[in-house]
Amino acid sequence: MLLLPSDDYPVGLLNLTGYHRLALAAALLMVVGVLVSAIGTHGEIQRLPKVEVESQSFGAVLRELWGTLHNRGFVILILAGVCAYTNQGIGYALANYFYAYAWKLSPGALQLLPLTLFAGAMAAFIIAPRIGRNTSKPKAASAFVLLGAGSYIVPYAMLMLDVLPPPGWTRVAILYPMFATTTALNVSSFILGASMMADVVEESQSRTGRRNEGVFFAGSFFVQKCTSGLGIAAAGAILALAGLQEKMDPATVSQAKVNHLVLMFILIYATLGSIAAFLFTRFPFGRAEHEARLAGLAAAENEGLPHVSD
């Protein structure tokens, strides 16, 4: 509908003009999404912690900022995020090339792809909260990252081993459940990562007496945007090394070039995923510490006093 084939671009996924239409449609959807989110959560403002605003010098603000960010849990989550979001950027940037050159999906299969990925994302919103409530969030996030990387890599390994059926609906029936599973696992790891960042906010409040979730989450989103861009830049380098030139017809590209692209992607994705999983296991506090801090903060709030841990 948006990425349609033309004389210059026989494969719609590679049609530059279609991406102009896609960008406009995506921008409109994002505006709607932001408005729905903002309006839907507006009623939660009254439940947010009340913080007294005080005038401070610029130097005092910098000292508070350093004291806030000098937090081991925050640093670990940021480093894990660098790996995870770089992987995400590489995967997103190369996705259409894989759909065209590796999986050779038909237009009908491509129309079903968003529904498949959406189903995986929705499953994550059921899985992640339940896992987070019943087990260690750092261990669960690490497991989700490893399983997500593994399930992401399996179809590419099958392609290189030449065990996938020829392009067609049989191949789609094998690939799409894997795509949905990978999406569910990866989104679950991101949800648990955000939940652990909220734990960092409470830990910082109990230690410093200040609640600075804006600083923590702004830093997290800044890293997310920077590393996603890094992933896109890395994807360009990977394509150049694989020798996939502009407008190359997927029907004529050699399998050797596709395998070269796939192999580089697997090595980078597996390495970054493993590092992110390891970093999650080094997160410095778990459920018991978190619940103790919440109890202390609640008691201090009831007494009208700032709570600072020893």
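Below: a short report on this structure. Since we're looking at a predicted model, the values are computed, not measured. (Residues numbered from 1 in each chain as written. Predicted model: local features only at pLDDT ≥ 70, side-chain atom pairs only at ≥ 80, totals over all residues. Heavy atoms only, no water.)

## Observations regarding the overall build of the protein
This is how the line gets drawn: Helix numbering and strand numbering both begin at the N terminus, where a helix is a DSSP run of H or I of at least 4 residues and a strand a DSSP run of E of at least 2. Burial status follows relative accessibility: with a 1.4 Å probe on protein chains alone, a residue under 20% of its type maximum counts as buried, one over 50% as exposed, and anything between as partly exposed. Any two residues having at least one pair of non-hydrogen atoms within 4.5 Å are treated as being in contact.
Summing up its helical and strand segments, the protein has 9 helices and 0 strands in all. Going residue by residue from the N terminus, the α and β elements of the protein occur as α-α-α-α-α-α-α-α-α. Expressed as a percentage of the 310 residues in the protein, the buried residues total 40%. Long-range contacts, defined here as pairs at least 24 residues apart, represent 77% of the contacts in the protein between residues at least 6 apart.

## A few points about the pattern of salt bridges
Let me state the cut-off plainly: Any Lys or Arg side-chain nitrogen located within 4 Å of an Asp or Glu carboxyl oxygen qualifies as a salt bridge.
Taken as a whole, this structure holds 2 salt bridges when the rule is applied. The closest approach of N and O atoms between Arg 47 and Glu 44, which form a salt bridge, is 3.0 Å. Assessed through its relative accessible area of 58%, Arg 47 is described here as exposed. With its nearest N and O atoms 2.8 Å apart, the salt bridge here joins Asp 199 to Lys 137. Here Asp 199, found in helix H6 (residues 169-208), pairs with Lys 137, found in helix H5 (residues 137-160); they are 62 residues apart in sequence, far enough to count as distant. Lys 137 matches Asp 199 in its accessibility class, with the two residues each being buried.

## Here's the deal with a nonpolar patch on the surface
Quick note on the threshold: Like-charged residues within 9 Å of one another, or nonpolar side chains (Val, Leu, Ile, Met, Phe, Trp, Tyr) within 5 Å, are grouped into patches, provided each residue has over 30% relative accessible area and no salt bridge. Values of accessible area rely on a 1.4 Å probe in the Shrake-Rupley scheme; residue burial ignores everything except the protein chains shown.
On the surface, Val 31, Leu 35 and Ile 39 cluster together to form a nonpolar patch covering roughly 310 Å² of accessible area. Relative to the helices and strands, Val 31 is located in helix H1 (residues 16-41).

## Some thoughts on the packing of helix H7 (residues 213-242) against helix H8 (residues 255-281)
The relative placement of two packed helices comes down to the angle between their axes together with the axis-to-axis distance. The condition that has to hold: Lines are fitted to the C-alpha atoms to define the axes, a helix being fitted only along its stretch in contact, and any angle between axes, read from their N-to-C directions, falls within 0 to 180 degrees. Handedness of a helix crossing follows the sense of rotation of the near helix relative to the far helix, less than a right angle counterclockwise being left-handed and clockwise being right-handed.
The geometry of H7 relative to H8 is characterised by a closest axis approach of 9 Å and an angle of 145° between their N-to-C directions. Considering how the two elements wind past one another, H7 and H8 form a crossing that is right-handed. Contacts between H7 and H8 involve Ile 238, Leu 239, Leu 241 and Ala 242 from the former and Lys 257, His 260, Leu 261, Met 264 and Ile 268 from the latter.

## Focus on the packing of aromatic side chains
How two aromatic rings sit relative to each other is given by the distance of their centres and the angle of their planes. Definition in use: Stacked, tilted and edge-to-face are the three classes applied to pairs of Phe, Tyr and Trp rings, where Trp contributes its six-membered ring and a pair requires centres within 6.5 Å; stacked means planes under 30 degrees apart, edge-to-face means over 60, and tilted covers the rest.
Taken as a whole and judged by the stated rule, the model has 13 aromatic pairs. An angle of 65° between the planes, with centres 4.8 Å apart, marks the rings of Phe 98 and Tyr 156 as edge-to-face. Taken together, the residues Phe 98 in helix H3 (residues 72-102) and Tyr 156 in helix H5 connect sequence positions 58 residues apart. Each member of the pair, Phe 98 together with Tyr 156, is buried. An aromatic cluster of at least three residues, connected via ring pairs, comprises Phe 98, Trp 103, Tyr 152, Tyr 156, Tyr 176, Phe 179, Phe 265 and Tyr 269.

## Details of the nonpolar core
Nonpolar side chains tend to gather and get buried jointly when the protein is soluble and globular. Keep this limit in mind: For our purposes a nonpolar core is just a set of buried Ala, Val, Leu, Ile, Met, Phe, Trp, Tyr and Cys residues, chained together by side-chain atoms within 4.5 Å.
Among the nonpolar cores identified, the biggest contains 39 residues, and Leu 94, Phe 98 and Trp 103 are the most heavily contacted of them. Of all the secondary-structure elements, those providing two or more residues to this core are H3, helix H4 (107-134), H5, H6, H7 and H8. Broken down by element, this core gets its largest block of residues, 8 residues, from H3. Among all residues touching Trp 103, those that are not within four sequence positions of it are Phe 98, Pro 155, Tyr 156, Leu 159, Leu 164, Pro 167, Arg 171, Leu 175 and Phe 179. Counting residues in each nonpolar core, the second largest holds 25 residues, with Val 201, Val 223, Phe 283 and Phe 285 among its members.

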